[in-house]
Amino acid sequence: MTRLMGWRNPGLFLFLAQLIVTPDFVGFTPSVIAAIPQELPAIFAESYEEDYRAYHCDFNIHSLLQRMSQQRISLRGSYVLYLYDPEDLGALFGNGGYSDGINPSSPRQRVRAWGFHVVLDYQGMILDLDYTEEPLIVPIQEYFMSMFPEESSQMFVRPIPTSDYLRDYTEDGDHSYFYYLLDSPYPGYPVEDYIAARS
């Protein structure tokens, strides 16, 4: 993993190195993945049924995080992930947040292509209210292989600490894609590199 990040993507290596010295750092090990709170599946299922809005993935994840916070679920080591095709950002900017940038293979309902997508990475497990017809929490590699099997190699991910997202998010869709994608203080990384770091 060190060779991968050090040579292919030094920015991601530095990002993860900074996490090691922060109080919120959680190691990327199977034991962490296995240690998700037992209450989380029920909280996720409730959010999946009650909070879901089609084509508002950013709002859906924010609602899920609010529920988790209210239930005192620790958000250590978790990130909101903005998924996007870097070559499509120009079209996204010029078309009010819509484009044909990424195409899901296992969506909750029939959808057009998305300009971007937002999910929660909870200690190496993905929670996505748009994934399949039931609320499934799956390992990060399994998620991308199922949801974006042909597009992961060209997609980027922009990880945002959940504490920042809870603090800064507004329900204004323009704010969401302008702030988190087009004029973002958070760096983006190839999905394949991010998966390697989180697996």
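This text follows the structure it describes.
Residues numbered from 1 in each chain as written. Predicted model: local features only at pLDDT ≥ 70, side-chain atom pairs only at ≥ 80, totals over all residues. Heavy atoms only, no water.

> How would you sum up the sheet that holds strand 4 (residues 137–139)? Please name residues and give values.
In a beta sheet, neighbouring strands pair by backbone hydrogen bonds and run either parallel or antiparallel. Pairing is antiparallel across the open sheet formed by 6 strands, whose spatial order is 4-3-2-1-5-6. Of all the strands in the sheet, just strand 4 and strand 6 (189–190) have a single pairing partner and so form its edges. The pairing of strand 5 (residues 156–161) with strand 6 spans 2 bridges and is antiparallel. The residue bridging Val157 from the neighbouring strand is Tyr189, located in strand 6. Across the sheet, helix 5 (residues 57–70) is in contact with strand 1 (78–84), strand 2 (116–122) and strand 3 (125–127); its angle to strand 2 comes to roughly 20°. (Pairing = 2+ DSSP bridges. Helix = DSSP H or I, 4+ residues; strand = E, 2+ residues; numbered from the N terminus. Contact = heavy atoms within 4.5 Å. Axes fitted to C-alpha atoms, helices over the stretch in contact; angles between N-to-C directions.)

> Talk me through the nonpolar core; I want residue IDs and the actual numbers.
Core analysis: the biggest nonpolar cluster contains 29 residues, and Met68, Tyr82 and Tyr165 have the highest contact counts within it. Taken together, the elements giving at least two residues each to this core come down to helix 4 (40–50), helix 5, strand 1, strand 2, strand 3 and helix 9 (173–182). The element best represented in this core is helix 5, accounting for 6 residues. With residues near it in sequence (within four places) discarded, Met68 still touches Leu40, Ile43, Ile73, Leu75, Leu120 and Tyr122. Within the second largest apolar cluster, 19 residues are counted, among which are Val119, Val138, Ile140 and Met155. (Core = buried A, V, L, I, M, F, W, Y, C linked by side-chain atoms within 4.5 Å. Buried < 20%, exposed > 50% of the residue type's maximum accessible area, 1.4 Å probe, protein only.)

> So what's going on with the side chain of Asp85? Residues and values would help.
Within the secondary structure, Asp85 is located in the loop between strand 1 and helix 6 (89–94). There is no salt bridge for the buried Asp85, and the closest opposite charge comes from Arg158, which lies 11 Å off by N-O distance. A polar contact of 3.5 Å, which involves the side chain of Asp85, links it to the side chain of Gln154. Each residue touching Asp85, except ones within four places of it in the same chain, is listed here: Gly101, Ile102 and Gln154. (Lys, Arg positive; Asp, Glu negative; His and termini not counted. Salt bridge = Lys/Arg side-chain N within 4 Å of Asp/Glu carboxyl O. Polar contact = N/O pair within 3.5 Å; in protein donor to acceptor, adjacent residues only side chain to side chain.)

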